Amino acid sequence: MVNPFESAQRQLHLAAKGGDFSNELIDRLSRAEREITVTIPLTMDDGSTRFFEGYRVQHSGLRGPYKGGIRFHPEADLDEVRALALWMTMKTAVADIAMGGGKGGVVVDPDILSSGELERLSRGFVRALYRNLGPEVDVPAPDVNTTPEIMSWMSDEYAKLTGDTSGASFTGKPVDQGGSEGRGAATGQGGYYVFEALKEKLNLPRSVSVAVQGMGNVGGNAARTFVSHGHKVVAMSDSKDAIYNEDGLDPEAVEKYKAEHRSLKGFPDVQMFTNAELLELSVDVLIPAALENQLTEENAERVQAKMVLELANGPTTPEADEILRKRGIKVVPDILANAGGVVVSTLEWEQNKKNEHWSEEVVLERLKETLIPQANVIYKNAEESGVTMRIVAFRLALKRLANALEKVV
Ligand code: NAD
């Protein structure tokens, strides 16, 4: 099993190698500024108490308050959260927003909890950590298995404990509870803007075929966005199955079916595949939108897509990166491709601090203005220097972090 934190550190060191960065900067970024492990006691519906382990890793505050999601997952662990936090530092710097990088996790399978238990666990996470959170300190957001509702419970708990009712300490809240227009779809939407910026440069056809792995917040929204712009999503998957139809799927119908049946099995007029097979389909664009370590040295030789748009964090291992590079497959790295989520989260934070509510049009325009120039610069530099877009994106982030470091030392 590939350790995601080792992968993230290797990416950092690979990027640092050819650039003019101080050892101090790279040493700082190889580790987190603060790591907190907590035990969250949870009163179950039957009156018993169970204990869950939670983490918050505050990787770098060089450019602003720590920012990053909280993941609820049975296999969450400290190294995964460390990796995700490091990537957040790089991502906020790539997007050039005044935030740092952090991430959180709770080791739990939320499917086994009742709604009441889930709420108490979410509030418990905040009770355990609120002294280390806050609008100018650390601003969490949703990630895998955490929803706008969970963010509203967390935000409410934070307000009860601290008296700060601004809502600016958690983003990704429901729109009627201080959330931003456009936040739900932001990661998929941002990924789409990046794709559009690069599409012609990569000689992709006007209408592309797409395979999307994972159909949660990110994958589901990405699939709908691609279809709404006239592209064909031929494959989608959940954690168990993938479905394929070469004429294209209707993502809304797939999501509705999944919600009703809690499975993709039995969906009409499709071929059933495994998640592993989905990654090897002959499509123009492959979108991993689930978990880390999906493209590895085991399967990278068999990937047939022309572009890999990384909407998940860390879906490609460094070994797979090298194989895909040699094969001429363009990987649009997570720290650029999925930055839409944190960009709109930061706009939500700004709205909460100013007590304003902006229209979806304003939010999406700012998202577009933020991401497209970065995508263009990263692509151009990668072409000129003959290295991957991931390395260029890391170097761009490192330059901005080096400027921030100069100001504090
Ligand atoms: P989610 O919980 O809404 O959805 C996760 C999806 O992945 C579900 O469809 C689930 O069935 C599927 N899945 C789980 N395990 C799988 C497996 N082993 N194989 C295939 N599919 C599997 O989570 P999300 O918010 O959509 O996050 C997905 C990815 O996007 C993660 O890597 C996350 O870190 C990243 N991301 C999320 C955001 C955000 O704003 N939510 C922003 C940037 C990046």
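Residues numbered from 1 in each chain as written. Predicted model: local features only at pLDDT ≥ 70, side-chain atom pairs only at ≥ 80, totals over all residues. Heavy atoms only, no water.

### Let's talk about the environment of R120
Here's step 1: Tracing the sequence through the fold places R120 in helix 4 (residues 115-129).
Here's step 2: Residue classification places R120 among the partly exposed residues on the basis of a relative accessible area of 32%.
Here's step 3: R120 sits 35 residues away from S155 along the chain, and the two C-alpha atoms are 13 Å apart.
Here's step 4: Contacts of R120, omitting those with residues within four sequence positions, involve L42, T43, M44, D45 and R127. (Helix = DSSP H or I, 4+ residues; strand = E, 2+ residues; numbered from the N terminus. Buried < 20%, exposed > 50% of the residue type's maximum accessible area, 1.4 Å probe, protein only. Contact = heavy atoms within 4.5 Å.)

### Some words on the site of the ligand
Here's step 1: The environment of the ligand is made up of 23 residues, and the closest members are D143, N145, N217, V218 and N313.
Here's step 2: Between A290 and the ligand, the recorded distance is 2.9 Å, taken from a backbone N or O atom to an oxygen atom.
Here's step 3: Here N313 contributes a side-chain N or O atom positioned 2.8 Å from an oxygen atom of the ligand.
Here's step 4: Within the complex, 85% of the 830 Å² of free accessible area of the ligand lies under protein.
Here's step 5: For the shell around the ligand, the class distribution of residues is 9 nonpolar, 10 polar and 4 charged.
Here's step 6: Counting the residues that make up the shell around the ligand, at least three belong to each of domain 1 (34-177) and domain 2 (180-409). (Near = heavy atom within 4 Å. Polar contact = N/O pair within 3.5 Å; in protein donor to acceptor, adjacent residues only side chain to side chain. Areas by Shrake-Rupley, 256 points an atom, 1.4 Å probe, with all protein chains shown as cover. Nonpolar A, V, L, I, M, F, W, Y, C, P; charged D, E, K, R; others polar. Domains from an automatic or database assignment.)

### A word on the sheet that holds strand 7 (residues 232-237)
Here's step 1: Ordered in space as 9-8-7-6-10-11-12, the 7 strands form an open sheet in which the pairing is mixed. Edge positions in the sheet fall to strand 9 (271-273) and strand 12 (330-332), since each of these pairs with one other strand and no more. Here the average twist between neighbouring strands, direction ignored, is 20 degrees. (Pairing = 2+ DSSP bridges. Axes fitted to C-alpha atoms, helices over the stretch in contact; angles between N-to-C directions.)

### Things to note about the nonpolar core
Here's step 1: Among the nonpolar cores identified, the biggest contains 81 residues, and M90 and L309 are the most heavily contacted of them.
Here's step 2: The biggest single contributor to this core is helix 14 (residues 389-408), with 11 residues.
Here's step 3: The residues that make up this core include at least three from each of domain 1 (34-177) and domain 2 (180-409).
Here's step 4: When sequence neighbours within four positions are dropped, the list of residues in contact with M90 reads L12, L29, I335, F394, A397, L398 and L401. (Core = buried A, V, L, I, M, F, W, Y, C linked by side-chain atoms within 4.5 Å.)

### Observations regarding the environment of G178
Here's step 1: Within the element layout of this structure, G178 appears in the loop between helix 5 (148-162) and helix 6 (186-199).
Here's step 2: A C-alpha to C-alpha distance of 9.7 Å links G178 and S155, two positions 23 residues apart in sequence.
Here's step 3: Each residue touching G178, except ones within four places of it in the same chain, is listed here: K173, E348 and N352.

### Regarding the domain arrangement of the protein chain
Here's step 1: Here the protein chain is described as being made up of domain 1 (34-177) and domain 2 (180-409).
Here's step 2: One C-alpha centre belongs to domain 1, the other to domain 2; they are set 23 Å apart.
Here's step 3: Taken together, the contacts link 38 residues of domain 1 with 34 residues of domain 2.
Here's step 4: Taking both sides of the interface into account, the surface hidden between domain 1 and domain 2 amounts to around 2900 Å²; carbon and sulfur atoms contribute 67%.
Here's step 5: Across the domain 1-domain 2 interface, the total number found is 4 salt bridges.
Here's step 6: K353 is the partner of E136 in a salt bridge, and the nearest nitrogen-oxygen pair spans 2.9 Å.
Here's step 7: Applying the counting rule to domain 1 against domain 2 returns 11 residue pairs in polar contact (both at pLDDT 80 or more).
Here's step 8: Broken down by secondary-structure element, the contributors of at least two residues to the side of domain 1 that touches domain 2 are strand 3 (66-73), helix 3 (78-94) and strand 5 (138-142). (Buried area = accessible area lost by both parts, 1.4 Å probe. Salt bridge = Lys/Arg side-chain N within 4 Å of Asp/Glu carboxyl O.)

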